[in-house]
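Reading the structure
Read off the chains here:
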Amino acid sequence: MNRTAGIIKMHYRDKWTWFIIPWSIMMFSFVVNLIIGVFLRGEEVHYTGGISSIFIYLFIAGMFTLSQTFPFAISLSARRKDYFLGTAAMVAMVSAVTAAALLLLGIIETQLTGGWGVRVQFFHLPYVNDGNMLQQLWIYFSVMLHLFFFGFVMASVHRRFRMTGLILLLAIMLVVPAVAVTVLTYYRWWDDMFGWLSGYTAFQHTLWMLPLTIVYALLSYLFLRKSTV
Amino acid sequence: MSNILEVQRLTKSYGGATAVNEVSFALEPEKIYGLLGRNGAGKTTIMHMITAQLFPTRGEVKVFGENPYENERILSRICFIKESQKYPDTYRVVDVLEAAAAFYPNWDRDYAYALLEDFRLPPKRNMKKLSRGMLSAVGIVVGLASRAPLTIFDEPYLGLDAVSRSLFYDRLIEDYGEHPRTVILSTHLIDEVSQLLEHVLVIDEGKLIMNEDADALRGRAFTVVGTSSKVDAYTAEKEVINRSMFGGLASATIVGDMTVNDKKQAEALGLELATVSLQQLIVYLTRGNLERKAVEV
Amino acid sequence: MGFIIDDSRPIFMQIAERIEDDVIEGRLLEESQVPSKIQIATFYQINPATAAKGVSLLVDQGILYKKRGIGIFVATGARTLLMEKRREQFFEQYVVSMIQEAEKLGITAEHLSEMIKRGAKRDE
């Protein structure tokens, strides 16, 4: 059997991590919002941010899956390369399936049930869900992939350089935004920046996220190549 | 047939501490080896380097003639079962077996499930809820069912009861008989496995101090007991690895094959002779170090 | 397990001795098949290669012989051969050391043979 496929199988057997937990969290949020919607009697459209839980979850999964599965995979005589490729493939599949499900639920929400009968907008949000279907799918998919690899590259820094590396990384992650804020304030660039951000659609923003995602993925692969169990 | 594993001057240092120091040895195919030594002697570190899970500071590892690092052809022929194995939190016993099935080309599924029953392992039980002995048993099941040409067990029977240990030895012997392969049993509990071993490697403080045929070592050392002056006279020109006193009596353990002359000389001095077990021999050889260290401290 | 292996002597020699005992005591008849190395190994919980080494020691001595593709068998005349070998060993192991010990205790040769007769009678 192809060993990359073996890694996918290894992840797939962990249904709690990939399916049950994220969907339970989101559906719990959905039900709560539906109940709120019932109390509001559908007098106005009730927008929620509950869908974000699944995106945040992927970031957390990216951080934790490495310590959960890397030592196990390596001890099953998998190559580090197999582990990386298999994990990336698994995340791509999970993201694709999740994106499709979200889109479908969004269609049911807006076009079939009128906000589940109580004008709740949970799966379909303004701005994010602008653009055509393919673009919407891509937005979900690329954001999930991006967040996963953001968590994953942090975990691989920890795996490769242990605590020292992670602390250094976190320090950089604190310093860079602080410097950015200072620069933006000093040069009074805030308005320009917001203008620039809102000048593009969500879909256009995901396009500049893509190279960043690739950089995260490549870096995590480089770190894992030299990681030990 | 050529060696399946060759280790050349393998060294691993952490900062100033040397965990493995210039270890060299070679393993022949289809033998059962014992990698023996005290806890912390460096056995686990060596096995991690053999399987490319840890990187040597210096030295060379060749498995089936090649460097195992990121080498699919080589890694797929190695199964390393470690005592401290981590599993994904949500994994059940059955998940471990199914994942393992994807990585070992010779995996025998029916055999794995039969072993599960032999060891009375509940397939649906979460790995986190298994006792120490059950965890060891899962490792044994994976190691045996993998039928990997190089199978390594690190402290395979921690927490296992006598029945399960005996079961492990039986299954290992049977399956090894039907599907010969190279097996390394690494342990500090020598007496349990010593008679299963064809060849022993003894590691002490990161160094390889013995690399010999197990049967050749049995009876290699002997102990003489008698009054201390006579024991001293007898051992004057010999390699003594252990000496103890009891009242006016002394006993000394000597390395070397007991020759007829040795025997006659001892008898002439009125000394009693006793053979030394393989386990006892290794204990003497590795304890010497401990005592020297204690004196330094 | 019927027998316990002694870890202070080469195991292949112990295996050879056990097979010799079986032949001498009639548990293994001449021209009957000897258990396979795996059977021996599982029974004593020892390494199959060690078991095979014990068997081949006896093959070399002509006590056992190989039938190609079938297994190992006890040779005709093996029992007589072993009895002779064992008698020789008996003399070395028991008689010589008995006489040495007897000398230490001041037992005369005459007294010693008296004691042997007495011992033989008690056994009857």
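Scroll up to find the structure.
Now for a look at the structure at hand. What you see is a predicted model; the values in this text were computed from it and never measured.

Details of empty space enclosed by the protein
For the coordinates displayed, the defined rule picks out three cavities of 30 Å³ or more. Reported here for the largest cavity is a volume of approximately 100 Å³. Surrounding the largest cavity, Phe 72, Ser 75 and Leu 76 of chain A together with Phe 80, Ile 81, Lys 82, Gln 85, Tyr 87, Val 96, Tyr 104, Gly 139 and Val 142 of chain B form its lining. Among the elements of the structure, helix H3 (52–75) of chain A together with strand S5 (78–81) and helix H5 (132–146) of chain B are those that each provide at least two residues to the lining of the largest cavity. Computed from the structure, the second largest cavity encloses a volume of approximately 60 Å³.

Observations concerning the sheet that holds strand S12 (residues 249–255) of chain B
Residue and element names in this part refer to chain B. Taken in spatial order, the four strands make up an open sheet running S11-S12-S10-S13, and their pairing is antiparallel. Single-partner strands in this sheet number two, and they are strand S11 (240–246) and strand S13 (272–275). Across the sheet, the axes of successive neighbouring strands diverge by a mean angle of 20°, strand direction being ignored. Two strands pair when backbone bridges link them, and strand S10 (residues 221–227) and S12 are joined in this way by seven bridges, in the antiparallel orientation. Note on S12: the bridge partner recorded for Gly 226 is Ala 250.

Focus on the pairing of S11 of chain B
All names here are of chain B. Pairing of S11 with S12, which is carried by six bridges, proceeds in the antiparallel orientation. Of the residues in S12, the one forming a bridge with Asn 242 is Thr 253. Taking the residues between adjacent antiparallel strands as the criterion, S11 and S12 are bridged by two residues, where Gly 247 takes a positive phi near 60°.

Some words on the environment of Ser 198 of chain A
Residues and elements named next belong to chain A. Along the chain, the position of Ser 198 falls in helix H7 (residues 190–198). Separated by 71 residues in sequence, Ser 198 and Tyr 127 have C-alpha atoms that sit 9.9 Å apart. A polar side-chain atom of Ser 198 sits 3.3 Å from the main-chain carbonyl oxygen of Gly 195.

What about the arrangement of the chains?
Of all two pairs of chains that touch, the greatest number of contacts is found between chains A and B. At their nearest point, the C-alpha atoms of chain A and chain C are still 27 Å apart, with no contact between the two.

Some remarks on the interface of chain B and chain C
Many structure descriptions define interface size as the accessible area lost when the parts assemble. If you look at the interface, chain B gives 22 residues, while chain C gives 18 residues. Counting each side, the surface lost to burial between chain B and chain C is near 1,600 Å², with a carbon and sulfur contribution of 50%. For chain B, the biggest contributors to the area lost against chain C are Ile 173, Gln 195 and Asp 215 of chain B; these three give 40% of the whole. Seen at the junction of chain B and chain C, the total is one salt bridge. A salt bridge links Arg 218 of chain B to Asp 7 of chain C, with the shortest nitrogen-to-oxygen separation between them at 2.8 Å.

Thoughts on the pattern of salt bridges
Residues and elements named next belong to chain B. Considering all chains together, one arrives at 31 salt bridges over all chains under this definition. Among the ionic pairs, Arg 171 bridges to Glu 174, the shortest N-O distance being 3.4 Å. In this pair, Arg 171 and Glu 174 both sit in helix H6 (residues 162–178), three residues apart, roughly one turn of the helix. You can call Glu 174 partly exposed: its relative accessible area is 28%. Look at the salt bridges and you will find they share partners, linking Asp 108, Arg 147, Asp 175 and Arg 181 into a network.

A closer look at the packing of aromatic side chains
A full pass over the atoms with the stated rule returns 32 aromatic pairs over all chains. Their ring planes at 45° and their centres at 5.1 Å tell us that Phe 84 of chain A and Tyr 221 of chain A sit as a pair that is tilted. Of this pair, Phe 84 of chain A sits in helix H4 (residues 80–112) while Tyr 221 of chain A is found in helix H8 (residues 202–225), placing the two residues 137 residues apart along the sequence. Assessed through its relative accessible area of 11%, Phe 84 of chain A is described here as buried. An angle of 90° between the planes, with centres 5.5 Å apart, marks the rings of Phe 148 of chain A and Phe 149 of chain A as edge-to-face. Neither Phe 148 of chain A nor Phe 149 of chain A differs from the other in exposure class; each is buried. Over the ring of Phe 64 of chain B we find Arg 77 of chain B; its NZ or CZ atom is 3.9 Å from the centre of that ring.

A closer look at the interface of chain B and chain A
Every contact between the two is made by 32 residues of chain B and, on the other side, 27 residues of chain A. Between chain B and chain A lies a buried interface of about 2,700 Å² when both sides are counted; carbon and sulfur atoms form 53% of it. On the chain B side of the contact with chain A, Gln 53, Glu 70 and Phe 103 of chain B bury the most area, a combined 26% of that side's loss. Counting across the interface, chain B meets chain A through five salt bridges.

Rules of the game
- Residues numbered from 1 in each chain as written.
- Chains lettered and ligands numbered in written order.
- Predicted model: local features only at pLDDT ≥ 70, side-chain atom pairs only at ≥ 80, totals over all residues.
- Heavy atoms only, no water.
- 1 Å grid on protein atoms, 1.4 Å probe; cavity = no way out; pocket = protein on both sides within 12 Å on 5 of 7 lines; lining within 4 Å.
- Points joined across faces, edges and corners; volume = space filled by probe spheres on them.
- Helix = DSSP H or I, 4+ residues; strand = E, 2+ residues; numbered from the N terminus.
- Pairing = 2+ DSSP bridges.
- Axes fitted to C-alpha atoms, helices over the stretch in contact; angles between N-to-C directions.
- Polar contact = N/O pair within 3.5 Å; in protein donor to acceptor, adjacent residues only side chain to side chain.
- Contact = heavy atoms within 4.5 Å.
- Buried area = accessible area lost by both parts, 1.4 Å probe.
- Salt bridge = Lys/Arg side-chain N within 4 Å of Asp/Glu carboxyl O.
- Buried < 20%, exposed > 50% of the residue type's maximum accessible area, 1.4 Å probe, protein only.
- Phe/Tyr/Trp six-rings, centres within 6.5 Å; stacked < 30°, edge-to-face > 60°.
- Lys NZ or Arg CZ within 6 Å of the ring centre and 35° of its normal.

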